[in-house]
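Coordinate analysis (summary)
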Amino acid sequence: MPSPSSSKIIELRELLAAKYPAIPQKTTGYLPTEVAPLDVALQGGLPLGGMTEVVGQAGSGLLLATLIRATHQRRGLLALIDGGDAFDIAGVPRSALSRLLWVRSPTAAKTVQAADLILRDGNLNLVVLDLRSVSTDETRRISASSWYRLQRVVEPTTTAFVVLTRQPLVRGARPRLMLTARFGLNAFDCRQQDLLGRLHVELVRGQEEHIQRIA
Amino acid sequence: MFGVILLPNFGLQTVLRHQPEIRLTGPVALLGGDAGGKTFVLQCNAAARTAGVQVGMTSSQGLGRCGTLRLLTRSLEQETTVATALLESAFSCSPWVEATADGVSTFEIRHARSDPETLAGILLEHLARLDLEAQIGFAANPDLALLAAHAAEPSLVVHDARAFLADLPVTVLDLSPHAAAVLQKWGIGTLGALGALPPQELTRRLGSEGRALWERASGRSQRLLRLAVLPVSYEESLEFEYEVQTLEPLLFVLRRFLDQLVLRLETIYRVPAALTLKLRFEDSKEYHRHFTIPAPTNNVETLFRVLHTHLENFAAPASIQSLYLAATPAPASREQFGLFETALRDPNRFSETLARLHALLGVQGAGIGYPEDTHRPNAFRLDPPDFLHLPESGTSREPPTFGLPLRRLRPPLPIYVEVSRRTPVQVTSGVIKGSVRAARGPYQLLGGWWGTDRWTCEEWDVELVQGGLYRLSRQAEGWFLEGTYD
Amino acid sequence: MEYVELHARSAFSFLRGASAPEDLAWRAAELGLPALAVLDRDGVYGAPRFFAAAREHGIRPIVGAELTMEDDSVLPVLVENRTGYRNLCRLITRAQLRGTKAEHPVRWDELAEFAEGLVCLTGDEEGPLFRALLFDDLDGGREVLRCLRGIFGHRHLFVELQRHLWRIEDRILAASVALAREFGLPILATNGVLYAEPEGQQVLDVLTCARFHTPLDVAGQLLSLNGARCLKSARQMQRLFAQWPDAITNTLRLAERLEFSLDNLGYEFPRYRTPEGENMGECLRRVTLAGARERYGKLTRKVLLQLRHELDLINKLGFAGYFLIVWDLVNYARESRILVQGRGSAANSAVCYSLGITAVDPVGGNLLFERFLSEGRKDWPDIDLDLPSGERREQVIQEVYRRYGHHGAAMTANVITYRGKSAMREIGKALNLPGEVMDRFSRLFAGGDFPHTLDLEEQVAQAGLSNGHPRTGALLSLYPRLYGLPRHLGQHSGGMIICEGQLDSIVPLENASMPGRVVAQWDKEDCADLGIIKVDLLGLGMMSVLQDTVELCRERGKPVDLATIPKDDTATFDAMCRADTIGVFQIESRAQMATLPRMQPRCFYDVAIEVAIIRPGPIQGKLVHPYLARRTGKEKPMYYDERLRPILERTLGVPLFQEQVLKIAMVMADFSGDEAEELRRAMSFHRSPDRMARVEAKLRERMAERGIRPETVDAIIQSTKGFALYGFPESHALSFALLAYGSAWLKVHRGPEFFASLLNNQPMGFYSSATLVKDARRHGIKTRPVCVVRSEWACTIEASDDAVRLGFCVVNGLNRQHAEILLEVRGNQPFRSRQDFLTRVSLDRDELRTLAALGALNALGGHRRDALWSVETPRAEEPDLFDQVVALDATSSPLVPMDADERLQADYDGMNLTTGPHAMALLRPHLPEGVWSATDLLDAEDGQAVRIAGNVICRQRPGTAKGFVFISLEDETGIANAIVAPDLFEKLRLTITQEAYLLIEGPVQISEGTIHIKAEQIEGLCHTGKAHAESHDFC
C-alpha cells in the first residue's frame, strides 16, 4: 500500500510537470526519501548519481533515521559514513540495522577516503556522509578537489549520495537543502514519522543549475 | 607381515603432549563424562594406577585413593592432530594403511625393506620426537599384530602365535560390550581359554562376533585393511629460497597458486568458497588469514583481488620465508543465488571494498551495528555485513520508534549541571550552555551487579531555553553530556 | 496524604517475586502503609502467611492474584468480598486443573462467570493495555478497556499506572491516562512491587536466571532495568505521580472497598452422615461406648469418667464429626485388610482407643495427659493415620477422593524452599561458577536433618572459591537473601484436607505431578492457621512389614495378633538390651544401638523413652546424659521446681516429651491453653526462629514475674529450646514404641516371617538387604538363593526348615510381569530340565543371564556357568531339530564352574546381597596379620590396640557430635563400630566416604556395654572385583 505521503508526492510531481513542462524529466531517476517536505523540494527525491547536501542544525538526525527506515522498507542497502562516530543505533528500528553499513570514521580525511571507496563500489543504493559531528576546523580542511572527485565518482552510478552538514560546506553540491526545525521535549511523545511534518526545507541550489551543468 | 602402531592411553597422551611438566611427574587421570553429566576416570597413568586409581572410578573416588591425582579433560583438537600424525607415520612405512581406532594404526608390509625390529625402532624414534609414546607389534595378520602391539614393551614381533596368545587377557580384543559381559560371566579371561571353546557353539551364542573373536583368539583371523588416505586438501605451498621482503614476488607466486588451485578444483566441478593464507617469517612466527569468498567463483582475477587488497595493507613483521595457500571447495556459484535475497550487484567487489574499509579504519570501523543484549546504554557490537543473506523483513512485529534520534558524543563529555529539586536547571560546558526550559527523567539503569563490571546510571533529557535537546547522564564520576537530539 | 500499595507480588509467585510475604508486610509497615495487597501469579499461595504477618505488623492485608490469560497477557485482580474470593479460587482451580503443571491459562470467555466480587487492574508491562500501547495501538487499548469493562463493570475496573523510571513509560503513562479519561475510568497508581527493598532486585535477577535457565552473564535484557520495583512510601509515590494526584487517592478509596479477610473463609468440615434421628454427638457417644466395651471388656468407673469427660469436650467444641470421619476411614482400612494406627495430639484419648483409631490404652497405661488443652481452642485436634506404604496407602487416599470428590478433597502442598544446597546451586548457576566448586560446597553439608555448623564464608572458601574471586562477594550477599524463599510447590507426603461443600472455593486446587491427585495451594501449617482440618495419611514401610509378617504367620498356621502380644516379653527386652535390633523399627540406628545397652529397656514405656531420647531435640538440649545417668543411678532425679514433680516424675525429672514442655509452661509461666498451643506451634520445626524467640521471651518474662530464680528459668528455657528444632510428642513416642516393640517381638518370635517381610519391603530402614540376610543368619535363619523351581515373587518361608527362600523381587532388573508369567507357566507344569525351562519361559535375555548367574537355574541341573552357557543360545530353535545339541546343553558346558569369589560377585551384581559366605570371609586370607573379627572384639580389653576390617554398612556424622563420625564395619562374624575424630575425618574424608571396604586401627573403648574402636589409622582395602553392599550414609 503506498503511504499517503508518497501518493501525495506523485500528485505533486504530476502537478509540477503540468505547470512547468520546460523542466525535463530526470533520466537517472530519484530516490524518494519518504520525507514529504524534502521530496517536494527535490521534486521527487534524492537524485541518483548525484550529491545532495543537507544543511541543518535540527532535523537532520530525524532525516537520517527516516532514510535508514525507508531504505529498509524498500529492501535497499545504505551506507552511513559517520564522520564523528556519533550514530546511535537505538534511534532506528532494530530490523533496519541489517541493511545499514555503518562506517565509523575518526578523522575528516579518512571520512572522505571511505566515501570514495564506497561510492566507487557502486553496490549501495544510498550513501550518507554525516559530517555534523566533525568540527568545523576539520571539515574546512577537506579540499574542494575532494568534493569534485566524489561528485565525479558518483555521477556514473545509480547511487544517491547525501552529505549532512551543519554549515554549507560542499562546493558544487547539486541540490543543497537547508533544513530547519524546532523540537521540544514533547517530540518524544510522537512517532518519528509524525515528526517529519515539522521539518522545514528550503532548496538553495536546485535542479536547474545541475541540469545546466550537465548540458 | 602386518604392523600396528598403538598409542597407549591415547586421550591422556594427547593432552599431556604439550604439558611435559605434568607428564614427567605424579599421577594423572583423564576424565570422561557420560550422558548424565557424571565424570569418571577414562584413562590414567602408571603412577595413578600404582596409587590405586582405576579406570571407571568417579573423580572423587580417584582423589580418595590418591590425593595428588591431577585430573585432566580431553582435548578433541589435539586428538585429531595426533591421529593425523599417527597416520602419517604409518604411511611412511607402507602405502597400505588403516586408521584402525583412536590411537591405533595398522599397515601392511609387502616388500620388506628392512626387518620389522629395525622398522619398529625407526618408528618409535620418530614418534618420540613428536612427544608420543608408542607400542609397536608385528605379526602375520592385522589382528594378531594389534595384540602384539598391546603386549609390546615397546615393540614385539610375534612368530609363534599360539604361545603368544594363550595368556593374553580377552580385554585386548576389541570386544563389544555385549560380548565382554558374556565372556566375563562365563569366566573366560584369557585368549587361551577363549580359543579353547568350540567355535560353532561360540558362533551360535555370540553370532559372527563370536566367530571373529575365536579366530583372533586362536591367531587365525585374516581380514582386509580398510585402507585410509591421507586427508586431501587443495593447497599449495612454497618455501622461498631467499627471503622475500617485497610484495611483488609474493603476489606473483600467489597468482600462480590460484591458477593451480582453480584448475584442480575445476576438474571436480568445484570453485573456491574460501581461501586460507599462511605466511611464515624468518623469526618463525606465522601469519594466518582466512578469506570467505562471498560469491564463490573460478575467476582468478577476482580471487586474486581479494588477496591483493588484503596484502596491500599488510605490513610483514619480518621477511617472509614460506607461503601457503589452501582453497575450500564449493559447488559452482550459480545455484547459490536465488535462494536468498541479495541486494548486492557485485558481491565480490563489495567484499573487496569492505576489506579496504577495514584496512583504512580497522575492523571496528565498518560493519553492521547490532544492540548488545543488555540494558546498558550505547552497548553495541559491529558484525561483518552479510548482505547476501538478509533476513526476511517484516516477520516480527516491532514497536514504532518514538522521538528524535540521538547524536552521541563518544566518549561523553563531562558537564557541569546545576540541580534544583532533584532536577537539572542549568548546564555549562564547552559545547553547550544555558538554562533548562524543561527536563524529563530521571531514567535509571543498572547492571553487572554480580561481578567487577558493576554499573549504574541515571539519564535525563533536557530542553534548553535557547532551544536544543540534549541527553545528560549522571554516573558515579559526575554529570556527562551524552549527545544531542536532532 | 496516604497511599496503599495494591499490586505486589511475593516470592510465592515462584521465581517471579523476590521477597517472602512476611518481609513485604514488615516493610510495608515500616514505610507506614496502612494496607498492602499481595497478588501472586495464578494463585493465593502466600496469602495465609501474608495475612498472619500483616496482622502482626498492624497493616491490613488485601488478597488478589495475577491471572495468566490465554494470550499470555497477565491480568491482576483484587478480591473485594467473600464472593470474590470464592470466585477467584474457583476460576484458578478451573484453569489449573484444565492445564498442566507449567501452563494453565485462564480463558477470556470464562472471566465473566467469575467476575463478581473482583476488581480488575489493567496490569503492568505484561498487562494487555501496556502491550497494546507499546505498539502505539490506541484502538487496541480501547478494545482492551471495552472488553474488561464489559466483564467487570464500570465500578470494578481501574486503569493501572506504574512508574519505574524507564524511558519508555512516559509515553505509555500519558496514553493510559488519556484512555482512562476517555472511558471515564479511574486511574490507580501502583508500583508493581516485586521485592520489599531495592536490593531485592538482585535476588529477582537470580530467580529470573533460574526461570530461563541462563547465567547472569548472558541473561541480558531478561534482567531488571533497575531496582525501582520495591515497596515505596506514600511520599515517594506522590512524587512519582505528582502529575496525577487522583491515582494516589484512588488507592485509598479502593482499599476501603476491599473488605475481604481470610478470617472468614466459610470453611466447614464435612458432616458425618448419621443414622436417622441421631445427631453426630449422640452417634459418637454410641459408637465410642460400644467400642469401649469391646476394648476394655468391663467398663470401670475410671474409664467411664474419662470417656464422659472427653466426649463432653468433643461435643462442646463441635469436633464429633471429625472423630466419626476418622473412625470411618479407619474402619474402611480395617475392612480392606489394611493395617492402620493413629497418632497425633488427639490420639492419646480414651475415645480414640475405644474407636480403634489407636492401640495404646491411655487409661490402663496411666499415660493420660490433658491434650484438649483448653476449651477455648479454635483449631482442630490432630490425628495422623499411619498406613503401610505403597499401594495400600494409595488405596486409602483414593478412597478419600472417592468419598469427597475431586473438588472436595486435596493433598496439602509442601512448599519447597531454597535451602543450603539448592540455594547455592541456583546462585552458582546464575554466577556461572564451576560445577566442581558447587559439588564441593554441597558435599560439605552435614547430612540428614542435623543442623549445619560450618559458617558460610568458611564453607565457600573450603569449596575452593577464594576471597579474591570476583564473584565471591555477590555469592555471599545473595545466599542469605535467597535462603528460605519458596522455589516450587510440591505435595505433602500424606496430609489431606477435606471440606463440606466445595474445597475449591476455599483454596485453589491444582494437579499434582502424580496422576490422580489434586493439591491445594497451601501447606499444612497454612491450613492449620486458617482452621482447615487435615488428616495425615502417612505411609510407613514398617507398617507394611508388620502386616506382611502377620499375614505370613497366619498362612503358616502360627497366627499373631499385634494388639494382643504380651507387652512384657523377656526375650524381646533381652534382645533390645543387647542392641540386637537390626530391622526393628526406629531403634535400629547406630545411635539407638549405642544407647540401648545403657538404657536397658525393661518395659513398654522404656521403649517409648528410648524412641524419644535418641532424637536431635533432646540431644541438642543436652538431656540424654542426665536421663541415662539418673536411670543408671549415677545421678539423682532432680526437678527444677517441686511443682514439676508430677509432670516430670516418669522421666526422672528430665523433660523428654513435648507435652511435658507445654505443661511446664502452663505450671511455671501460667500459660493459658492458647498460649501453650502457640508454644507448640512455635516448636514445630520448619517455622521461623522468630516465632520461637517471641514465645521464649514471653516464657522468660512470665516466669520472672512469678519469682522463679534466673538459673531455674535458664535451665527450663534450655530444655525447652531443644524442642524448637525437633520436638517429639509423647503420643508419637508411644505409637512408634508400639511399632518398635511389635517389630522386635516379631523378630524374636517369628524370625523367618519377619525377615522375609523385611526383604520384601526393601528399600526401607537403615540397613541393606545384604546386612539383613547376614543378621538373619546370625539368628540361625537360613536364607536360600533365588530358584526358578521354588521361588515366588516375594520371599517365602520353606516349610521344611523355616529357611527364607529369596523371591524374584530381590533380583535386579527382573520385570514383575515376566516373573508372574514364569510362575504361571510353572504352575501349569513343573520344569523338567533347563532346556524345558528355556523353551517355555519368555524372559528377556538379560533376565535369563541374571538368573543363570545367580544360580537360580541350578535346581535344573549343572552349575551357574552351565546355565550361563545355555541361556546364550538363540531362542527360536526347535528342540527336535537340534536334539544332540540340546542334549549337550542340558548336561554340561565347556566352562569352568565359578569359584567362591566369582559367585559372590555374581550374587552382588544380580541382587546386591549374597546367601553365601560373607565377602570378608573370602577376603580374610588376604588381609594383613592381626586383623580382629567383630566377635573377637568381645574379648578385647579396654584400651587394647586392634585392627578391624569390613564392609562399610553405615557412616554417620551427626551434627550434634561435634564433627565425630561413626562407622559400622560388617564382617563375616558381625558388626564392629568405630569412631573417627574430626581432624582424622577431614584428613581422610574421601577415603572414608568413597571406599566400600575399610581397614581401621586404633584402641578399643568399652563403656556400659558398648564397644568402639577409636580410629587412629584408616585405609581402604584395595582388592579388585570385590562385591559390596550399599552403605547408608549420613555424612
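Residues numbered from 1 in each chain as written. Chains lettered and ligands numbered in written order. Predicted model: local features only at pLDDT ≥ 70, side-chain atom pairs only at ≥ 80, totals over all residues. Heavy atoms only, no water.

**Topic: helix α7 (residues 142–151) of chain B**
All names here are of chain B. Most of α7 is tucked away, with eight of its 10 residues classed as buried. The set of residues buried in α7 consists of Pro142, Asp143, Leu144, Ala145, Leu146, Leu147, Ala148 and Ala149. With a side-chain oxygen positioned 3.2 Å from the backbone nitrogen of Asp143, the residue opening α7 is Asn141. (Buried < 20%, exposed > 50% of the residue type's maximum accessible area, 1.4 Å probe, protein only. Helix = DSSP H or I, 4+ residues; strand = E, 2+ residues; numbered from the N terminus. Polar contact = N/O pair within 3.5 Å; in protein donor to acceptor, adjacent residues only side chain to side chain.)

**Here's the deal with the interface of chain C and chain B**
Contacts between chain C and chain B engage 53 residues on the former and 45 residues on the latter. A per-residue breakdown of the area chain C buries against chain B is headed by C:Phe135, C:Arg167 and C:Trp869, which together make up 17% of the total. Applying the counting rule to chain C against chain B returns two salt bridges. Here C:Arg167 and B:Asp461 are joined by a salt bridge, their closest N and O atoms 2.7 Å apart. Joining chain C to chain B, the criterion identifies 16 residue pairs in polar contact (both at pLDDT 80 or more). (Contact = heavy atoms within 4.5 Å. Buried area = accessible area lost by both parts, 1.4 Å probe. Salt bridge = Lys/Arg side-chain N within 4 Å of Asp/Glu carboxyl O.)

**A few points about the pairing of strand β22 (residues 997–1007) of chain C**
Residue and element names in this part refer to chain C. Where strand β19 (residues 945–956) lies against β22, seven bridges are found, and the strand directions are antiparallel. Along β22, the bridge assignment pairs Ala949 with Leu999. Here four bridges tie β22 to strand β24 (residues 1017–1020), and the two strands are oriented antiparallel to one another. In the strand pairing of β24, Leu999 is matched with Glu1019. As defined by bridge partners, β22 adjoins strand β23 (residues 1010–1014) across four bridges and the pair is classed as antiparallel. Across the sheet, residue Ile1006 finds its bridge partner in β23, namely Ile1011. (Pairing = 2+ DSSP bridges.)

**Quick look at the sheet that holds strand β5 (residues 97–101) of chain B**
All names here are of chain B. Spatially, β5-β6-β1-β7-β8 is the arrangement adopted by the five strands of the open sheet, whose pairing is mixed. Looking at strand neighbours, the two that pair on one side only are β5 and β8 (155–157), the edges of this open sheet. On average, each strand axis in the sheet is tilted by 15° relative to the strand beside it, whichever way the strands run. Two strands pair when backbone bridges link them, and strand β1 (residues 2–6) and strand β6 (residues 104–108) are joined in this way by five bridges, in the antiparallel orientation. Across the sheet, Gly3 pairs through a bridge with Phe107, a residue of β6. (Axes fitted to C-alpha atoms, helices over the stretch in contact; angles between N-to-C directions.)

**Examining the nonpolar core**
By size, the foremost hydrophobic cluster in this structure holds 144 residues, and its most contacted members are B:Trp186, B:Leu191, B:Leu194, C:Phe808 and C:Phe837. The dominant element in this core, judged by the number of residues it contributes, is helix α33 (residues 730–749) of chain C, at 11 residues. (Core = buried A, V, L, I, M, F, W, Y, C linked by side-chain atoms within 4.5 Å.)

**Concerning the domain arrangement of chain C**
When cut into domains, chain C gives domain 1 (5–196 + 231–264), domain 2 (562–740), domain 3 (767–911) and domain 4 (919–1034). The centre of domain 1 of chain C, based on its C-alpha atoms, is set 62 Å off from the matching centre of domain 4 of chain C. (Domains from an automatic or database assignment.)

**Some details on the domain arrangement of chain B**
Once the domains are mapped, chain B shows domain 1 (2–157), domain 2 (161–217), domain 3 (234–353) and domain 4 (406–485). Each of domain 2 of chain B and domain 4 of chain B has a C-alpha centre, and the two are 81 Å apart.

**What to know about the packing of aromatic side chains**
In the structure shown here, the tally under the stated rule is 24 aromatic pairs over all chains. The ring of B:Tyr324 has B:Lys278 sitting right over it, with the charged end atom 4.5 Å from the ring centre. The ring centre of C:Phe671 lies 6.0 Å from the NZ or CZ of C:Lys698, which sits over that ring. (Phe/Tyr/Trp six-rings, centres within 6.5 Å; stacked < 30°, edge-to-face > 60°. Lys NZ or Arg CZ within 6 Å of the ring centre and 35° of its normal.)

**Considering the interface of chain B and chain A**
It is common to give the size of an interface as the accessible area lost on bringing the parts into contact. Counting residues at the interface gives 52 residues for chain B, matched by 55 residues for chain A. Of the roughly 4,900 Å² buried between chain B and chain A on both sides combined, carbon and sulfur atoms contribute 55%. When the buried surface of chain B facing chain A is broken down by residue, B:Leu360, B:Thr401 and B:Arg407 rank first, second and third, together holding 13% of it. As a salt-bridge pair, B:Asp486 and A:Arg132 come within 3.1 Å of each other at their nearest N and O atoms. Joining chain B to chain A, the criterion identifies 25 residue pairs in polar contact (both at pLDDT 80 or more).

**Structural notes on helix α14 (residues 320–335) of chain C**
All names here are of chain C. With 16 residues, α14 ought to run about 22 Å at 1.5 Å a step, and its terminal C-alpha atoms sit 22 Å apart, in line with that. Within α14, burial applies to Ala320, Gly321, Tyr322, Phe323, Leu324, Ile325, Val326, Trp327, Leu329, Val330, Tyr332 and Ala333. A positive backbone phi angle near 55° is found at Arg337, which sits one or two residues after α14. (Expected span 1.5 Å × (residues − 1).)

**Considerations on the confidence of the model for chain B**
Taken residue by residue, chain B gives an average pLDDT of 84. The fraction at 70 or more is 92%. When the criterion is pLDDT under 50, residues 333–341 of chain B qualifies, and its contacts beyond four places in sequence or with other chains add up to 16 contacts. (pLDDT = per-residue confidence, 0-100.)

**Regarding the state of the cysteines**
Note on terminology: a disulfide is the covalent bond linking the sulfur atoms of two cysteines. All names here are of chain C. Here the structure, examined in full by the defined rule, presents zero disulfides over all chains. Take Cys527: it sits in no disulfide, and the sulfur closest to it among the cysteines is that of Cys499, at 11 Å. No disulfide involves Cys787; its nearest neighbouring cysteine sulfur is the one of Cys795, lying 13 Å away. (Disulfide = S-S within 2.5 Å.)

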